[in-house]
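# Per-entry structural report
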Amino acid sequence: MKISVVGAGMGGLCAGLALRRLGHEVRVYERVREIRPVGAAISLWSNGVACLERLELGDEIAAIGGDLRAMAYVDGLSGETMTAFSLDPLMQAVGHRAYPVSRADLQAMLISAFGRGDIRFGTELTDLHEGADGVTAVFADGTREQADLLIGADGAHSVVRRHVLGKVVVRRYAGYVNWNGLVSMDGAFAPVDRWTTFVGEGKRVSLMPVSGRRFYFFFDVPLPSGLENNRADYKALLRAYFGGWVPEVQALIDAIEPETTNRVEIFDIDPFVPWVTGRVALLGDAAHNTTPDIGQGGCMAMEDAVVLAEALSRHDGSLDAGLQAYEAARAPRTRELVLKARRRCEITHAADPGATTRWYADLRREDGSNILDGLMKNILGGPLS
Ligand code: FAD
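The present account deals with the structure reproduced in this document.

### Considering the packing of helix α1 (residues 10-21) against helix α9 (residues 297-314)
For the pair α1 and α9, the least separation of the axes is 8 Å and the interaxial angle reads 25°. When the interaxial angle is binned, α1 and α9 end up roughly parallel. Crossing of α1 against α9: the hand is right-handed. Residues M10, G11, C14, A15, A18 and L19 of α1 lie in contact with α9, whose contacting residues are G298, A301, M302, A305, L308, A309 and L312. Of the residues that constitute the contact of α1 with α9, the class distribution is eleven nonpolar, two polar and no charged.

### Structural notes on the pairing of strand β4 (residues 70-75)
With six of six residues buried, β4 is to be regarded as a mostly interior element. In this structure, β4 lies alongside strand β5 (residues 81-86), joined through five bridges in antiparallel fashion. Note on β5: the bridge partner recorded for M71 is F85. Here β4 hands over to β5 after five residues, with G79 in that stretch at a positive phi of 85°. The pairing of β4 with strand β13 (residues 194-200) spans six bridges and is classified as parallel. Paired with M71 across the strands is W195, a residue of β13.

### Quick look at the site of the ligand
G11, E30, S43, R103 and D285 are the nearest of the 29 residues found near the ligand. Within the backbone of M10, a nitrogen or oxygen atom sits 3.3 Å from an oxygen atom of the ligand. For the ligand, an oxygen atom lies 2.8 Å from a polar atom in the side chain of R103. Protein coverage of the free-state accessible area of the ligand, which is 1000 Å², stands at 88%.

### A closer look at the environment of P224
Mapped onto the elements, P224 comes out in the loop between β15 (214-222) and α7 (234-241). Separated by 133 residues in the primary sequence, P224 and M91 have C-alpha atoms spaced 37 Å apart. Setting aside residues up to four positions removed in sequence, P224 forms contacts with Y173 and E265.

### A word on the sheet that holds β13
On the basis of which strands lie adjacent, the open sheet formed by seven strands has the order β5-β4-β13-β14-β15-β12-β16 and mixed pairing. Each edge of the open sheet carries a strand with a single partner, namely β5 and β16 (262-268). Each neighbouring strand pair of the sheet contributes to a mean axis angle of 15°, computed without reference to strand direction. Sheet topology places β13 next to strand β14 (residues 203-210); five bridges connect them, and they run antiparallel. Following the sheet pairing, T196 is matched in β14 by L207.

What counts, and where the lines are drawn
- Residues numbered from 1 in each chain as written.
- Predicted model: local features only at pLDDT ≥ 70, side-chain atom pairs only at ≥ 80, totals over all residues.
- Heavy atoms only, no water.
- Axes fitted to C-alpha atoms, helices over the stretch in contact; angles between N-to-C directions.
- Helix = DSSP H or I, 4+ residues; strand = E, 2+ residues; numbered from the N terminus.
- Parallel < 35°, antiparallel > 145°, perpendicular 65-115°, else oblique.
- Left-handed = near helix turned anticlockwise from the far one by under 90°.
- Contact = heavy atoms within 4.5 Å.
- Nonpolar A, V, L, I, M, F, W, Y, C, P; charged D, E, K, R; others polar.
- Buried < 20%, exposed > 50% of the residue type's maximum accessible area, 1.4 Å probe, protein only.
- Pairing = 2+ DSSP bridges.
- Near = heavy atom within 4 Å.
- Polar contact = N/O pair within 3.5 Å; in protein donor to acceptor, adjacent residues only side chain to side chain.
- Areas by Shrake-Rupley, 256 points an atom, 1.4 Å probe, with all protein chains shown as cover.

Remember that the coordinates give geometry; whether it matters functionally is a separate question.
Structural data, given as structure tokens:
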């Protein structure tokens, strides 16, 4: 088939790679000329890593992934370690490492694997028309491209979703703002092989190792949507939000560079179907926009890509059956994770302060087994486990 993929994010590029391996002719169309991801880095859990390995990118992801070995929660106000444990048992049990990775590195890896020449950058989809013979993509520059199948991997504000559902979906504000970026690795912030999360007051500060001796950091603060966003204020605001927090957090705020720090209001979308029409399928955030509270949004996009290719291959000869099989396999899995992330988000960010206080008490009793069990369920629920 001739396949158009709209969006060169991690979902679109993984779909492109997976579909091309089946022998399809794939072209990716990307709105921007240069991709500037909304986040500095991402935790790729073992289910996402398994998908990249399936796409023969195992060595590449290992080369750019951070050396993550352990996990800890620390009381951000007192400095007490609430729980700390190794992640080795998890990775051994599921058979794949997990890698925190800089988004720029991940994006560059996927673009290079797919081939820059097969991506049309600066090409924004504005409309599409389906017919018996094919689907026509209409772009902002006036050009049109016909294909047998169009994949909408165009992210949270998907134009293709509007076509599939026949309406615009309003995203739901999750109640918090996230600042994230990269900073030179420094043991003064946290141990360098550990995912450390400082918690308190419904806020959190997290640090994870990525390659190049850098930490991925993020700060979460429950806040209303629509506040002013001035880069010049970031440090002063973070100092105010985290006043009285431990020296490690103050040192991190001192070290961050506002020019390269991202500020993101966090939204999600109620799970929905359908994801497919006759010749069009949604994939990634276009199909299931989640809060990042269990670190699964990008991993789910990679799973979609692998499952879509497998479903089309299994139903070779019937595009309709292939697309229906894809939706049937993916909608329940992603629904579960989106709702799980939403519940996690509410507890972490004090939607109900009593529940958050109980969670902090649970963390003090935690030996790692409950958290590892939750992570394992997320991973083993994936298609390649
Ligand atoms: P995107 O990455 O959004 O890519 C969509 C692409 O489509 C973009 O390049 C865009 O420019 C392009 N596009 C949009 N409209 C058009 C158009 N009309 N025409 C052409 N091109 C178009 N996930 C994890 O797995 N682990 C994490 O730790 C994690 N942390 C996160 C932290 C934060 C703060 C946030 C906000 C998200 C996080 N996620 C995480 C989620 C993850 O970033 C997304 O799920 C993932 O980026 C989705 O990939 P995608 O390819 O579907 O969409």
